[in-house]
Amino acid sequence: MKITPLADRVLVKAQAMETKTTSGLYIPETAQEKTQIGTVVAVGQGTEKVKMLVKPGDKILHDKYAGVSVKDNGDEYLILKMDDILAILG
């Protein structure tokens with residue numbers, strides 16, 4: 001299935017969560033924090049009021065509880081509004 005975001009929406013593949021701390025301790029899945037970093041997969045065409053500032057391949061930081069989770073072929077994605085994107089990571 002191909003997912004194409006509409007209007008001011010962005011399709012993002014979430015970055016894998018850390019399973020181990022820097023000191024070497026393993027974090028159980030129930031205690032892992034939801035990641036806020038992802039890679040843009042597809043971008044909607046925008047609207048008259050909202051200009052799309054990201055492009056596919058950009059690494060972004062987004063609001064912690066923003067977006068709608070979508071699964072496709074075992075991969076997990078988020079569909080976010082452009083306003084929910086906080087920064088492009090370089």
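Residues numbered from 1 in each chain as written. Predicted model: local features only at pLDDT ≥ 70, side-chain atom pairs only at ≥ 80, totals over all residues. Heavy atoms only, no water.

Let's talk about the sheet that holds strand β3 (residues 59-62)
Right, so step 1: Pairing is antiparallel in the open sheet, where six strands are placed in the order β4-β5-β1-β2-β3-β6. Of all strands in the sheet, those with a lone pairing partner are β4 (68-72) and β6 (85-89), marking the two edges. Between one strand axis and the next, the sheet turns through 40° on average, direction left out of account.
Right, so step 2: When β4 meets strand β5 (residues 75-81), the two strands line up antiparallel, connected through five bridges. Bridging from a neighbouring strand, D72 pairs with D75 of β5. (Pairing = 2+ DSSP bridges. Helix = DSSP H or I, 4+ residues; strand = E, 2+ residues; numbered from the N terminus. Axes fitted to C-alpha atoms, helices over the stretch in contact; angles between N-to-C directions.)

Quick word on the side chain of D58
Right, so step 1: Among the structural elements, D58 can be located in the loop between β2 (37-43) and β3.
Right, so step 2: In this structure the side chain of D58 is engaged in a polar contact, spanning 3.0 Å, whose partner is the backbone nitrogen of K55. (Polar contact = N/O pair within 3.5 Å; in protein donor to acceptor, adjacent residues only side chain to side chain.)

Regarding the pairing of strand β1 (residues 9-14)
Right, so step 1: Relative to β5, β1 is paired through five bridges, and the arrangement is antiparallel. Bridge pairing in β5 links R9 to K81.

Quick look at the nonpolar core
Right, so step 1: The biggest cluster of nonpolar side chains holds twelve residues, and these are V10, V12, V40, V50, M52, V54, I60, A66, L78, L80, M82 and I85.
Right, so step 2: Residue assignment for this core shows that the elements contributing at least two residues are β1 and β5.
Right, so step 3: Not counting residues up to four positions away in its chain, the partners in contact with I60 are V12, Q36, I37, G38, V40, V54, L80, I85, A87, I88 and L89.
Right, so step 4: Core analysis: the second largest hydrophobic core is formed by five residues, I3, L11, A42 and Y77 among them. (Core = buried A, V, L, I, M, F, W, Y, C linked by side-chain atoms within 4.5 Å. Buried < 20%, exposed > 50% of the residue type's maximum accessible area, 1.4 Å probe, protein only. Contact = heavy atoms within 4.5 Å.)

Shape descriptors only; they carry no functional weight alone.
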